Amino acid sequence: MAQQSVLIVDDEPDIRELLDITLSRMGLRTLLAADLQSAHELLSKQPPNLCLTDMKLPDGNGIGLVEHIQRHHPQIPVALITAHGSVEAAIAALKAGAFDFISKPVELDRLRNLVSTALKLEGSASSAPGSTDSELIGNAPAMIELRDKISKLARSQAPVHIHGESGSGKEIVARLIHRNGPRASGAFVAVNCGAIPPELMESELFGHVRGSFTGASGDKRGLFQAADGGTLFLDEVADLPLAMQVKLLRAIQEKAVRPVGAAKEQPIDVRILSATHKDLAAEVSAGHFRNDLYYRINVIDVEVPPLRDRAEDIPDLARALLRKIGRHEEQPLTLDESALQALRGYRFPGNVRELENTLERAAALCDGKVIHERDLEFSNRPSTPQVRETITGDDHREAYGDLEGYLEDIERQILSQALEESRWNKTNTARLLGISFRSLRYRLKKLGLEN
């Protein structure tokens, strides 16, 4: 295998020498440039595997070099060396397409991690065509654009914020960004920020040391430590309490966490991906989310389209979901044209998750292996319908009843009677009622009759 090379662009001789020695000890060949002109000449002669460039150069700036490499050598990752605390410059570099950034004074361990991660890009899954097709099903223009964006984002370390309606597939997008990038061999740790009690959140995210609070009988690694070398996915990030948002911001900025009760911070190497179904900008305006944290996690924005905006994908999605639902069946389930038309005409407020739930119900209720329109029960029906009976004449009375509950009571009575007659043999009960065993099992579970 040919020796990998790194182009170092910095006008300070001491920095160039430090980077040269460090990378040479890693077995890498270095190309040195003191300004943009020299960098362009080296790029045209012998394109490197990685470029490290200072932000400020005598004849321009590093962002200009990032943009040039993005246009002419998109396969080369570029990392920026920025002044300490220069958050704006770092974010501008990431938005321009930089792989990552490192602050001065350069910490050699962090530099080595950055270089090692960047050089893994050539063999990462993102280079494989169609690597996202099997999970992001559909050929609607919005989905083609989304798959293309995932492939590009997988080559970066920039924080990505994924937004979209509930059930649209935000976590799938996050997993694909991780799996198609250089961190694929590391852990992907997903956490729902709205599901952790506020009093436990700091310990869950950052860990704690023994004796730091009542019940802390031993040291505990947090989710940041569990994701070290990989990706941390913060789902429903808008639900973080404001006090926790401050600590998260510091962890992202310093690339270090302090476990509860610990005396010092621990360095961490984690890529942050986040998601929410809420409008995060509106949450900032309302004072529910910190503007500075929004600025850090929303470097790159990805929108996952709702299912109603790509209705042409529903047949392919439905077929794929039915294969998943019936993976243990000998004969696959199929949809007839009436069911397909019904699915195409429904708006799916719950998106792909609701489509899957709808098909699971239909698979349980249908007789045989073909799902018809009558087998579909959409989950966003109006609240329990009210039956109104008006009696004319002298006695004007109105009676209201719970039709849904009334019908369920009748169904429960019929099922209970059939079960008793069949001595609770479910196969015989299904045969007695003239329904499939799968349909019986679904109905028993729905009505609380399963034993």
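Bear in mind that the values here come from a model prediction, so they are computed numbers and not experimental data.

Cut-off values and rules
Residues numbered from 1 in each chain as written. Predicted model: local features only at pLDDT ≥ 70, side-chain atom pairs only at ≥ 80, totals over all residues. Heavy atoms only, no water. Pairing = 2+ DSSP bridges. Helix = DSSP H or I, 4+ residues; strand = E, 2+ residues; numbered from the N terminus. Axes fitted to C-alpha atoms, helices over the stretch in contact; angles between N-to-C directions. Phe/Tyr/Trp six-rings, centres within 6.5 Å; stacked < 30°, edge-to-face > 60°. Buried < 20%, exposed > 50% of the residue type's maximum accessible area, 1.4 Å probe, protein only. Contact = heavy atoms within 4.5 Å.

K.L.:
Before we go on, may I ask you to explain the sheet that holds strand S10 (residues 231-235) in this structure?
P.N.:
Pairing between sheet strands relies on hydrogen bonds along the backbone, with the strands arranged either parallel or antiparallel. The sheet built from five strands is open, its strands ordered S9-S10-S13-S8-S14 with parallel pairing. Of all the strands in the sheet, just strand S9 (188-192) and strand S14 (300-303) have a single pairing partner and so form its edges. The average angle at which neighbouring strand axes cross in this sheet is 20°, direction not considered. Two strands pair when backbone bridges link them, and S9 and S10 are joined in this way by five bridges, in the parallel orientation. Looking across to S10, one finds that Ala190 is bridged to Phe233.

K.L.:
Please clarify how the packing of aromatic side chains should be interpreted in this entry.
P.N.:
One pair of aromatic rings is described through two measures. These are the centre distance and the angle between the planes. Considering all chains together, one arrives at three aromatic pairs under this definition. Aromatic side chains Phe206 and Phe224 sit 5.5 Å apart centroid to centroid with 45° between the ring planes, which places their arrangement in the tilted category. Remark: Phe224 occurs in helix H9 (residues 223-226) and Phe206 occurs in helix H8 (residues 198-206); sequence separation between them is 18 residues. Taken as a pair, Phe206 and Phe224 share a single burial class, namely buried. Taking 4.6 Å as the distance between ring centres and 85° as the angle between the ring planes, the aromatic pair formed by Tyr346 and Phe348 counts as edge-to-face. Of the residues examined, Phe348 reaches a relative accessible area of 0% and is grouped as buried.

K.L.:
Quick question: what am I supposed to make of unusual backbone geometry here?
P.N.:
Leaving glycine aside, a negative phi is the common case for residues, and trans is the common case for peptide bonds. Residue Lys104 is joined to Pro105 through a cis peptide bond whose omega torsion reads -5°. At Lys255, a position not held by glycine, the phi torsion is positive, near 50°. Here Lys255 lies in the loop between helix H10 (242-254) and strand S11 (256-257). For Phe348, which is not a glycine, the phi torsion comes out positive at approximately 50°. In this structure, Phe348 sits in the loop between helix H14 (337-345) and helix H15 (351-365).

K.L.:
What's the story with the sheet that holds strand S1 (residues 5-9) in this structure? I'm lost.
P.N.:
Pairing in this open sheet of five strands is parallel, and the strands run S2-S1-S3-S6-S7 from one edge to the other. Edge positions in the open sheet fall to strand S2 (29-33) and strand S7 (100-103), since each of these has one partner strand only. Each strand axis lies, on average, 20° off the axis of its neighbour in the sheet, ignoring direction. The pairing of strand S3 (residues 50-54) with strand S6 (residues 78-82) spans four bridges and is parallel. Paired with Thr53 across the strands is Leu80, a residue of S6. Lying on the sheet, helix H2 (residues 36-45) is in contact with S1 and S2; it crosses S2 at an angle near 140°.

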